[in-house]
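What the coordinates show
The chain contents come next:
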Amino acid sequence: MLFRRRKPLTLKEKLRDHLWPRKGFIRSFQYFGKRLVRLAASPHSVAAGFAAGIVVSWTPFIGVHFVMAIIIAYLVGGNVVAAALGCLAAGNPITYPFIWGFTWEIGHLILARDSGGQGGGIDLPALWHKGDLMQIWDPVLKPMLIGGVPPAIVTGIIAYALTYYGVKSFKTRRKARLMERARERLALADNASSV
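Below or above, wherever it landed, is the structure these notes cover. (Residues numbered from 1 in each chain as written. Predicted model: local features only at pLDDT ≥ 70, side-chain atom pairs only at ≥ 80, totals over all residues. Heavy atoms only, no water.)

**A short note on the nonpolar core**
With 17 residues, the main nonpolar core has L36, L39, V46, F50, I54, W58 and A82 as its most contacted residues. For this core, the secondary-structure elements that each account for two or more residues are α2 (25–37), α3 (43–56), α5 (80–90), α6 (96–110) and α8 (133–194). Per-element accounting of this core gives the leading share, 4 residues, to α8. Those residues within four positions of F50 in sequence are excluded, and the remaining contacts are F32, L36, A82, A83, L85, G86, A89, A159 and T163. Among the nonpolar cores identified, the runner-up in size contains 6 residues, and V56, A69, A73 and C87 belong to it. (Core = buried A, V, L, I, M, F, W, Y, C linked by side-chain atoms within 4.5 Å. Buried < 20%, exposed > 50% of the residue type's maximum accessible area, 1.4 Å probe, protein only. Helix = DSSP H or I, 4+ residues; strand = E, 2+ residues; numbered from the N terminus. Contact = heavy atoms within 4.5 Å.)

Rendered as structure tokens:
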């Protein structure tokens, strides 16, 4: 095989690379940003899709984030790939505990509840084991869903603005570079034909 390692990685080395890449996270974020601005769509479409993915990540319905982001992106005229990238950027295993805790606290503030729980605490594993959505709704999902609205609006607006102007400036710079190259090639072709 052409690009195979001489010495295969051990399980410990593979796990380490997944948790902390050798090149660092900066390179991953740079690649992610370049992938986003190079999408073949209008700046509005990319920004709307990316913002839809970020907004959906504030909801507690973790299993259907991609589906919700695609539906919202379709409704607002956003790019579906950008929506998926927005879901991956905002909602991932590193950020979910912070998102859930933040939305839980904001939800309890909005609902004017004591965030300590009802009667000394909530037995969340027992509620999930029973599987009754109505028992999970009031103590867990309702505060998280209501608490996710304000940060979703704020981060959605910020993500839309930053992505829109980032994509727009990238595309105008790229168009200017391509026009300059075309002028240079045309000048070279004129010089070659005149000789």
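**Here's the deal with a positive patch on the surface**
Side chains of K34, R38, R173, R174, R177, R181 and R185 sit close together on the surface and give a patch of like positive charge. Per-element accounting of the positive patch gives the leading share, 5 residues, to α8. Among the secondary structure elements, R181 is positioned in helix α8. In this structure R181 comes out as partly exposed when scored by relative accessible area, which is 47%. (Patch = residues over 30% accessible without salt bridge, like charges linked within 9 Å, V, L, I, M, F, W, Y side chains within 5 Å. Areas by Shrake-Rupley, 256 points an atom, 1.4 Å probe, with all protein chains shown as cover. Salt bridge = Lys/Arg side-chain N within 4 Å of Asp/Glu carboxyl O. Lys, Arg positive; Asp, Glu negative; His and termini not counted. Charge placed at Lys NZ, Arg CZ, Asp CG, Glu CD.)

**Overview of the pattern of salt bridges**
According to the stated counting rule, one finds 1 salt bridge in the structure shown. R183 is paired through a salt bridge with E180; the nearest N and O atoms lie 3.0 Å apart. In this pair, R183 and E180 both sit in helix α8, 3 residues apart, roughly one turn of the helix.

**A short note on the packing of α3 against helix α4 (residues 65–76)**
Where α3 meets α4, the axes come as close as 8 Å, and the angle between the chain directions of the two elements is 145 degrees. Judged by the twist between their axes, the crossing of α3 over α4 is right-handed. On α4, the residues touching H44, A48, G49, A52, G53 and V56 of α3 are H65, M68, A69, I72, A73 and V76. Its residues assigned to classes, the contact of α3 with α4 comprises 8 nonpolar, 4 polar and no charged. (Axes fitted to C-alpha atoms, helices over the stretch in contact; angles between N-to-C directions. Left-handed = near helix turned anticlockwise from the far one by under 90°. Nonpolar A, V, L, I, M, F, W, Y, C, P; charged D, E, K, R; others polar.)

**Focus on the packing of α3 against α5**
In the contact formed by α3 and α5, the axes pass within 6 Å of each other and the chain directions differ by 40 degrees. Of the possible angle classes, the one that applies to α3 and α5 is oblique. Along this stretch, α3 crosses α5, giving a crossing that reads as right-handed. Contacts from V46, G49, F50, G53 and I54 in α3 reach A82, A83, L85, G86, C87, A89 and A90 in α5. Looking at side-chain class alone, the contact of α3 with α5 contains 9 nonpolar, 3 polar and no charged residues. (Parallel < 35°, antiparallel > 145°, perpendicular 65-115°, else oblique.)

**Some points on α4**
An ideal rise of 1.5 Å per residue puts 16 Å on 12 residues; α4 measures up with 16 Å between its terminal C-alpha atoms. Of all the positions in α4, only H65, A69 and A73 are classed as buried. Looking down the long axis of α4, one finds its buried residues gathered within 60 degrees of arc, a one-sided arrangement. Counted as exposed and oriented over 90 degrees from the buried face of α4: V67, Y74 and L75. Lining the buried residues of α4 we find α3, α5 and α6. (Expected span 1.5 Å × (residues − 1). Arc of directions from axis to C-beta.)

**Section: the packing of aromatic side chains**
Summed over the entire model, instances satisfying the criterion amount to 4 aromatic pairs. Measuring from centroid to centroid gives 6.0 Å for W58 and F102, while their planes differ by 55 degrees, and the two rings are tilted. Taken together, the positions of W58 in the loop between α3 and α4 and F102 in helix α6 put the pair 44 residues apart, joining distant regions of the chain. Judged by relative accessible area, which is 44%, F102 ranks as partly exposed. Taken together, a centroid distance of 5.4 Å and an interplanar angle of 10 degrees make the contact between Y96 and W100 stacked. (Phe/Tyr/Trp six-rings, centres within 6.5 Å; stacked < 30°, edge-to-face > 60°.)

**Observations concerning the side chain of N79**
By the element assignment, N79 lies in the loop between α4 and α5. The exposure class assigned to N79 is buried, which follows from its relative accessible area of 14%. In this structure the side chain of N79 is engaged in a polar contact, spanning 3.3 Å, whose partner is the backbone nitrogen of A82. Not counting the four nearest positions on each side in its chain, N79 is found in contact with L39, A41, S45, V46, G49 and A73. (Polar contact = N/O pair within 3.5 Å; in protein donor to acceptor, adjacent residues only side chain to side chain.)

Shape is all these values report; function is a separate question.
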